[in-house]
Amino acid sequence: MITTTEVTRIAKLAKLNFTESEIKTFSEQLTNIANLLDELKAVDCSNVEPLTSVCDHTQRLREDKITISNITDELFANVPGTTADFAKEIKCFIVPKVVE
Amino acid sequence: MKNLSLILILYRKGINMAHIVGNSGNWEYVIGLEIHAQISSESKLFSGAATEFGATPNSQVSLIDAAMPGMLPVLNKYCVIQAIKTGLGLNAEINKHSVFDRKNYFYPDLPQGYQISQFYHPIVQNGYINIVLEDKSYKTIRINRLHLEQDAGKSIHDQSPQYSFIDLNRSGIALMEIVSEPDLRSPYEAAEYVKKLRSILRYVGSCDGDMEKGSMRCDVNVSVRKPGDKLGIRCEIKNVNSIRNIIRAIEFEGARQVELLESGQVIRQETRLFNADTGETRTMRAKEEAHDYRYFPDPDLLPLVISQELIDEIKHTLPELPDAKITRYVKDLSLSEYDAEVLVANETVAKYFEETINYGNAKMAANWITGELFGMLNKNSIELDECKITPAMLGKLVKLLEDGVISGKIAKNIFEIMFESGSEPEKIIAEKGLVQVSDSDTLSKVIEEVLNENPDSVDAYRSGKDKLFGFFVGQVMKKTSGKANPGLVNQILKEKLNAR
Amino acid sequence: MTNPAKITISKALESLKKKEFSAQELTKAVIENATKHRNLNAYITETFDKALELARNADQNYSQGKPRKLEGIPVAVKDLFCTRGVLTTSGSKMLSTFVPTYESTVSQNIANHGTIMLGKANMDEFAMGSSNLTSHFGPVLNPWKAKDNSADLVPGGSSGGSSAAVSAYLAMAALGSDTGGSVRQPAAFTGTVGMKPTYGRCSRYGMIAFASSLDQAGIFTRSVEDAALMQEAMMGFDEKDSTSLNIEVPELVSACQKSIKGMKVGIPVDLMNSPGLNSEILNMWQNSIVMLKSQGAEIIDVTLPHAKYALATYYIIAPAEASSNLARYDGVRYGHRTEKKDLNIEELYEYTRSEGFGTEVKRRIMIGTYVLSSAFMDAYYLKAQKMRRLISEDFKTAFSKTDLLLLPTAPSAAFAVNEKFNDPVQMYLNDLFTIPASLAGLPCISVPAALSSKGLPLGMQIIGPALDEYNVLRAAAALEKSVSDINFIPQGY
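Rules of the game
- Residues numbered from 1 in each chain as written.
- Chains lettered and ligands numbered in written order.
- Predicted model: local features only at pLDDT ≥ 70, side-chain atom pairs only at ≥ 80, totals over all residues.
- Heavy atoms only, no water.
- Contact = heavy atoms within 4.5 Å.
- Buried area = accessible area lost by both parts, 1.4 Å probe.
- Salt bridge = Lys/Arg side-chain N within 4 Å of Asp/Glu carboxyl O.
- Polar contact = N/O pair within 3.5 Å; in protein donor to acceptor, adjacent residues only side chain to side chain.
- Helix = DSSP H or I, 4+ residues; strand = E, 2+ residues; numbered from the N terminus.
- Nonpolar A, V, L, I, M, F, W, Y, C, P; charged D, E, K, R; others polar.
- Core = buried A, V, L, I, M, F, W, Y, C linked by side-chain atoms within 4.5 Å.
- Buried < 20%, exposed > 50% of the residue type's maximum accessible area, 1.4 Å probe, protein only.
- Phe/Tyr/Trp six-rings, centres within 6.5 Å; stacked < 30°, edge-to-face > 60°.
- Lys NZ or Arg CZ within 6 Å of the ring centre and 35° of its normal.
- Axes fitted to C-alpha atoms, helices over the stretch in contact; angles between N-to-C directions.
- Parallel < 35°, antiparallel > 145°, perpendicular 65-115°, else oblique.
- Left-handed = near helix turned anticlockwise from the far one by under 90°.
- Pairing = 2+ DSSP bridges.

A. Spatial organisation of the interface of chain C and chain A. Of the residues lining the interface, 69 residues belong to chain C; the matching set on chain A comes to 53 residues. Carbon and sulfur atoms make up 66% of the surface buried where chain C meets chain A, a total of about 5200 Å² over both sides. One salt bridge connects Glu350 of chain C with Lys12 of chain A, and the closest N-O pair in it is separated by 3.0 Å. Viewed at the interface, chain A and chain C are joined by 20 residue pairs in polar contact (both at pLDDT 80 or more). Of all the secondary-structure elements, those providing two or more residues to the side of chain C that touches chain A are α10 (310-325), α11 (345-356), α12 (359-372), α13 (378-401), α14 (424-428) and α15 (435-440) of chain C. When residues in the side of chain C that touches chain A are grouped by element, the largest group, 11 residues, is from α13 of chain C. Grouping the amino acids of the side of chain C that touches chain A by side-chain chemistry returns 34 nonpolar, 17 polar and 18 charged.

In structure tokens form, the structure reads like this:
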């Protein structure tokens, strides 16, 4: 059973906000989905190695070379929001002030 | 701001533990360090953008670093090699099979919304380094792991009242995270650990260890306990940017925790920041919530497999590391451990010394370098590599002194001239005729002259004024422009005075 | 003369070479169709002007006798392939203004062979869905309608726009992507051929990621031979993708002419015996077996004992990876950013993401976040990875006795746009037959193989061992030949 408290916790981790009724709906839907997922409990996998990739090969290594030059214009081509022009001017991305 | 004047921090020599003297007795520090060392590669860990320090904002950012849709990481071979090299330098095991995991969390300097790191299977594990304690004994500090991970971008919080600005130049630069076991028991030990680690990184060449530029950063984990008790709750102090501040931060944090515990409170496990101006640590608000990083293997990357051949190849390219050098200097060159430590601490100095001893005596060379040379460099605020005196020049000077061609005093003069002019010692000696006079006959004559010119002093000496010996020596030196061999002068002068 | 828009690619290439019509005429004809049938909503963005320009170039190449392999063929590109200078939305409000400054490898590959992009095809938001109903840009309509019913039907998903475009002749081929069946299932629903190669054959560079260990570019075409042609152009090693296979691109077109005599075709009988299997689907399956047998194939029973856990496995792994892949959509560097004022950074993220993502996407992000969270990591994510290995092993075992597997693509024909699904899990069941091959990363194809009693297309799926696209196409072509008497053109098109 995925409770509304749990839904709220997950939403915070995922940076999503929901209305109370949405949370309730999610609680029901996610519980149903979790029931589907719980089918896996029936199988004993204690001696099975997890499969993280279907690829047979291992990680390829690339040479330590600079292949990208200054692409600042490209980086800011799609910058959104009312601060977009300011961001392009100072060449920094802009977020609400973060207090550490 | 708490009044911590009642809490004393006492270093007890001999036992090498710093105790915090609280109201209820002594408390022990338990310290672990997490060091983030930037790998000095040309390009980033997973992208081909440049890594130069100090570039204009967002000028060294690839589409991958900016986490544009559809971008994928590809691993930099050089960074892997540096991690292996460093692992070998830390006496650690290289894991031939390691995996990159995603550490998921949201923060403006983390464009992907996750950091590519290594959680479950790091590339290096189970190492150690030795540090020298105040009483000159050695202590082994264990290293839990070294893993590769991406650096985050930079958030600039103090340029605007409303906004924070994000520069992604640093985003994606390769880091080695080096995690010690909580084996450190004092701020001094922590400082020594950092110095030693930094030295190894520089020797191996994987990181320049520059804490000011931020290419080496320290997170300090501090807890306290009564000796013999189990581990206390620890707090993490993030990004302490100098060795001096590491010491100060640990001292403040230790005292803070003791005060809390002694007043019956519980330490809240949290992340804190050190304020260099006030010397205090405080809670870091933005990261306060408990994090569930949901580590899982990055599906855009495959397992990193390293062959024994590669490890062996890298082993052969390792330079002689600090501890090995110290052992060799002490054993083969008969230096004191202290002198060896000083010379080895900086690889440039060690290299300089090793070149110098091709020309002159090791012990003397060590003394000249740590004494005269360091003194001159400090006085003139220059670095060793800016100095006009080459190892060969210094070595030759040392040889000339050792062979008695010049006296110690003359040698010092020549040294100063060498420092200013960059001229070879032999040239200076020839130009200024500074060869030491060691010929007994010549000296005999000069001494006779001095004694004959100062009959009253001779009488005074003979009747007990021993201090006048120095006066005679001085006169001989004057007459020989300082070139007289002091040992011989003493010998002959004594003879002649006694004979009169 | 046959409408040039309505022939296969291989025929079109022949005709273009013979100058029976020009590339511009061809492109114009297809554009006319696309314009006529805008109601299907197959395209989010049309690039018709640029297409005509490219067609002019194509004609030049033909007149100079230097046509590239696919010179002048008009195609649609699923809107999750980043296309330089052209809006790329991934079917989402989150990217409704995003114009990439770079091109995906796969779309570049086919363009290098001379294809002409007509526009970006509609899709389920962030490729999450089996119906194209979750698109921010509205549903896509299946050009097919049931015999007795005028209700609009879904084209399947998530590559609904791509499948509808090819089915209705609004493009001669369409790039799609297949994560759990998003090429094969829509192909079955629209009577087209849909193919997904072995994981790693096509580069994922520039493909907006959904579930990285499952995503793979796929293709919709009107014939198996066309699929072979397109796949040859799409595949190839890309050093910008660490999961890209560094192997030669195989020659595939000749597979379509090769007899299947002697091939061992496996039938997963445990799936065949699943309770509640639609009788029409079962009939089609049995008929297909007969058809392949008559062409000389040997039919062998196999089992995929863990396939019944594939759905649960997929709905742990895919959302888990998606929840992480979609974390970059935060309103800071591109895409939607909330217009609400006076927010702190947390609120910026929360409002931006809650406004920018649709319900199904949010649901999957939530599932993914849940199954990765520390308390549940072992029970769900780790377990799913182990199950994935078992499912993979099942296929390896089956392929030790057979060359290929034959099974249906989807458990039903296309359903209505307005069909009520009480519960998201019901929608997930659409992927029942397609998910196992996705988890194992195997090459597979859907071929139209029958019409339902209501006159709707049904598809049969062929799965091959890793890297064996050749034999998958070979058997697909044989099946296609067997049903060549069936008209798989939707009424009115």
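Picking up where we left off.
B. Seen up close, the nonpolar core. Membership of the largest hydrophobic core comes to 225 residues, with the highest contact counts inside it found for Leu37 of chain A together with Phe126, Trp285 and Leu406 of chain C. The greatest single-element share of this core, amounting to 10 residues, is contributed by α10 of chain C. If near-sequence neighbours (up to four positions away) are discounted, Phe126 of chain C is found in contact with Ser90, Ser92, Met94, Leu95, Ile208, Phe210, Leu326, Tyr329, Phe357 and Val361 of chain C. Grouped together as the second largest cluster of nonpolar side chains are 106 residues, Ile39, Val224, Leu401 and Phe419 of chain B included.

C. Fine view of the interface of chain B and chain A. Tallying the contact residues gives 50 residues for chain B and 38 residues for chain A. The contact between chain B and chain A buries some 3900 Å² in all, and 61% of this surface belongs to carbon and sulfur atoms. Three residues, Asn58, Tyr163 and Leu302 of chain B, lead the burial of chain B against chain A; their summed loss comes to 15% of the area buried on that side. Between chain B and chain A we count 1 salt bridge in total. Across the pair Asp292 of chain B and Arg9 of chain A runs a salt bridge whose closest N-O atoms are separated by 3.6 Å. Where chain B touches chain A, the interface holds 24 residue pairs in polar contact (both at pLDDT 80 or more). When contributions to the side of chain B that touches chain A are tallied by element, the ones reaching two or more residues are β4 (75-76), α1 (77-89), β12 (163-167), β17 (280-283) and β19 (304-305) of chain B.

D. Focus on unusual backbone geometry. All names here are of chain C. With omega at 10°, the peptide bond leading from Gly157 into Ser158 counts as cis. By secondary structure assignment, the location of Ser158 is in the loop between β3 (116-121) and α5 (160-167). You will see that Asn132, though not glycine, has its phi angle at about 65°, which is positive.

E. Structural context of the packing of aromatic side chains. Scanning the entire structure with this criterion turns up 30 aromatic pairs over all chains. Between Phe18 of chain A and Phe26 of chain A, the aromatic rings sit 4.6 Å apart at their centres with planes inclined by 50°, giving tilted as the arrangement. Centroid distance Trp368 of chain B to Phe415 of chain B: 5.4 Å. Interplanar angle 50°. Geometry classified as tilted. With Trp368 of chain B in helix α8 (residues 362-379) and Phe415 of chain B in helix α10 (residues 408-421), this residue pair connects regions lying 47 residues apart in the sequence. Look at Trp368 of chain B and you get buried, because its relative accessible area is 9%. Clustering of aromatic rings is evident, with ring pairs tying together Tyr105, Phe119, Tyr120, Tyr293 and Tyr295 of chain B. Positioned above the aromatic ring of Tyr293 of chain B is the side chain of Lys103 of chain B, whose terminal nitrogen or guanidinium carbon lies 4.4 Å from the ring centre. Positioned above the aromatic ring of Trp27 of chain B is the side chain of Lys226 of chain B, whose terminal nitrogen or guanidinium carbon lies 4.5 Å from the ring centre.

F. Structural detail: the packing of α1 of chain B against helix α2 (residues 187-204) of chain B. Residue and element names in this part refer to chain B. Packing of α1 against α2 leaves a shortest axis separation of 10 Å and a crossing angle of 130°. Between α1 and α2, the interaxial angle falls into the category oblique. Considering how the two elements wind past one another, α1 and α2 form a crossing that is right-handed. Note on element contacts: α2 touches α1 through Ile200, Leu201 and Val204, opposite Gln82, Lys85, Thr86 and Gly89. Taken together, the residues of the contact of α1 with α2 break down into 3 nonpolar, 3 polar and 1 charged.

G. Focus on the side chain of Gln257 of chain B. Residue and element names in this part refer to chain B. The residue Gln257 is located in helix α3 (residues 243-262) in this model. A distance of 3.4 Å separates the side chain of Gln257 from the backbone nitrogen of Val224, its partner in a polar contact. A distance of 2.8 Å separates a polar atom in the side chain of Gln257 from a polar atom in the side chain of Glu253. Contact partners of Gln257, with chain neighbours within four places excluded, come to Val222, Ser223, Val224, Ile233, Cys235 and Ile267.

H. Representation of the sheet that holds strand β9 (residues 404-408) of chain C in the model. Residue and element names in this part refer to chain C. If you walk across this open sheet you meet the 11 strands as β1-β3-β2-β4-β6-β5-β10-β11-β9-β7-β8, and the pairing is mixed. Sheet topology places β1 (43-46) and β8 (298-302) at the edges, where each strand pairs with a single neighbour. Within this sheet the neighbouring strands show an average axis-to-axis angle of 30°, counted without direction. Inspection of the sheet shows strand β7 (residues 264-268) paired to β9 by 2 bridges, in the parallel sense. Bridge assignment links Gly266 to a residue of β9, and that residue is Leu405. On top of the sheet, helix α7 (residues 224-234) reaches β2 (74-78), β4 (173-177), β5 (193-196), β6 (217-221) and β10 (444-451); it is set at about 150° to β6, its chief contact. Relative to β9, helix α9 (residues 279-294) is tilted by about 150°, and along the sheet it contacts β7, β8, β9, β10 and β11 (457-463).

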